[in-house]
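Summary of structural features
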Amino acid sequence: INHLFLFYYLAGMTISRLINQTTTPSINLSEIKKIRISVPRFLEQQKIASVLLTIDEAIQKTQSIIEKAKMLRQGLMQRLLTRGIRHTLFNQTELGQIPENWKVEELKTISLNGTQNGLYKKPQDFGSGYKIVRMTELFRSDILRIGEMECVRVSESELEKYKLNEGDLLFARRSLKVEGAGKCVLIPAIDESVLFESSIIRVTLKQEIAYPRFYLYYFSSATGRRQMRRLIRTVAVSGITGTDLQKIKLPVPPIKEQKEISSILSVVDERIMLENKHKGRLEELKKGLMQVLLTGKVRVKVD
């Protein structure tokens, strides 16, 4: 038997029936030895293994491109969000050296109404009504994905008060993990009413002086995360308060430069997104081929 064919065969089979459901689920060698394997001719095994290996290599190559793009993104963020574009003169500030024409302001100064905690509703209010952003949605991506969400019944005044708008920034108010507290997410253009729950803090920026995507990048950068960690209070769970968040000091470049920096970083984000989609398609192709090639539903030609 071809060792690579055997690897793919075992990797593709469902072994849940072999698992001993104890305190620590496990399988044992005697059960593994009893696995029955459909064994085609050796040359056909080699051909099947070669097809699947080719896809695996393409997946690995794509993953390498993604990792390099992420490293480039981190490097660009570190430079652009602290040094800007085409600057030669810098001032020393509490944030370190920043371009001479950049300001340092507290978050409350560049926001419309400071910070706002989300809506609290009782369990019996959920099940129908309007979509509501829960904490889990904040950890799926940096830009909120409006998809399948829980729904909640609210009054007209609650809808008006807690409805999200394009450009809002949401922050995780608490998290079981320290690194999750203060996670920032940007609200994209949305064509329906969506609210946000009480474990989340909303900030609406004055968009004539503060470009939301620029500050999304800032809060997800190493510099922004270091500042956020200073606000985190660790008790039963790690968390931040709206009062502390309002006082965080931020660089404020001219709005034109904020948009230019965001545009550069968005190009890298777009590349990462496209490569992730390509990787996903390759993984689906591999899964489909394993299902038909390793069961003999589709046979490969062997010279």
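Residues numbered from 1 in each chain as written. Predicted model: local features only at pLDDT ≥ 70, side-chain atom pairs only at ≥ 80, totals over all residues. Heavy atoms only, no water.

Below, the discussion takes up the sheet that holds strand 9 (residues 184-186). The 4 strands are arranged 4-11-7-9 in an open sheet whose pairing can be described as antiparallel. Of all the strands in the sheet, the pair left with one neighbour each is strand 4 (116-117) and strand 9. As judged from the 4 bridges shared by strand 7 (residues 169-172) and strand 11 (residues 200-203), these two strands associate in the antiparallel manner. In the strand pairing of strand 11, Leu170 is matched with Arg202. Sitting on the sheet, helix 7 (residues 212-220) is in contact with strand 7 and strand 9, with an inclination near 155 degrees to strand 9. (Pairing = 2+ DSSP bridges. Helix = DSSP H or I, 4+ residues; strand = E, 2+ residues; numbered from the N terminus. Contact = heavy atoms within 4.5 Å. Axes fitted to C-alpha atoms, helices over the stretch in contact; angles between N-to-C directions.)

Further remarks concern the layout of surface pockets. Of the pockets and cavities examined, the largest pocket occupies roughly 800 Å³. For the largest pocket, the lining is made up of 25 residues, of which Arg73, Ser141, Asp142, Ile143 and Asp269 are closest to its centre. Of all elements in the fold, only helix 3 (42-83), helix 7 and helix 10 (255-293) reach the threshold of two or more residues within the lining of the largest pocket. Element by element, the count of residues in the lining of the largest pocket is highest for helix 10, at 7 residues. Grouping the amino acids of the lining of the largest pocket by side-chain chemistry returns 7 nonpolar, 6 polar and 12 charged. By volume, the second largest pocket amounts to about 210 Å³. Lining the second largest pocket are 13 residues, with Glu94, Leu95, Tyr218, Thr223 and Gln227 sitting closest to its centre. Element by element, the count of residues in the lining of the second largest pocket is highest for helix 8 (residues 222-229), at 3 residues. Among the residues making up the lining of the second largest pocket, the classes are represented as 5 nonpolar, 4 polar and 4 charged. (1 Å grid on protein atoms, 1.4 Å probe; cavity = no way out; pocket = protein on both sides within 12 Å on 5 of 7 lines; lining within 4 Å. Points joined across faces, edges and corners; volume = space filled by probe spheres on them. Nonpolar A, V, L, I, M, F, W, Y, C, P; charged D, E, K, R; others polar.)

Further remarks concern the packing of aromatic side chains. The final tally for this structure, using the stated rule, is 6 aromatic pairs. Seen in terms of ring centroids, Tyr162 and Phe196 are 5.9 Å apart; in terms of plane orientation they differ by 70 degrees. Their pairing is edge-to-face. Of this pair, Tyr162 sits in helix 6 (residues 156-162) while Phe196 sits in strand 10 (residues 194-196); the two residues are 34 residues apart in sequence, bridging distant segments of the chain. Accessibility assignment for this pair places Tyr162 and Phe196 in one class, buried. A ring pair is formed by Phe214 and Tyr215, whose centres lie 4.9 Å apart and whose planes are at 80 degrees; its orientation type is edge-to-face. By the ring-pair criterion, three or more aromatic residues cluster together here, those being Phe171, Tyr218 and Phe219. If you follow Arg83 out to its NZ or CZ, it ends over the ring of Phe90, 3.9 Å from the centre. (Phe/Tyr/Trp six-rings, centres within 6.5 Å; stacked < 30°, edge-to-face > 60°. Buried < 20%, exposed > 50% of the residue type's maximum accessible area, 1.4 Å probe, protein only. Lys NZ or Arg CZ within 6 Å of the ring centre and 35° of its normal.)

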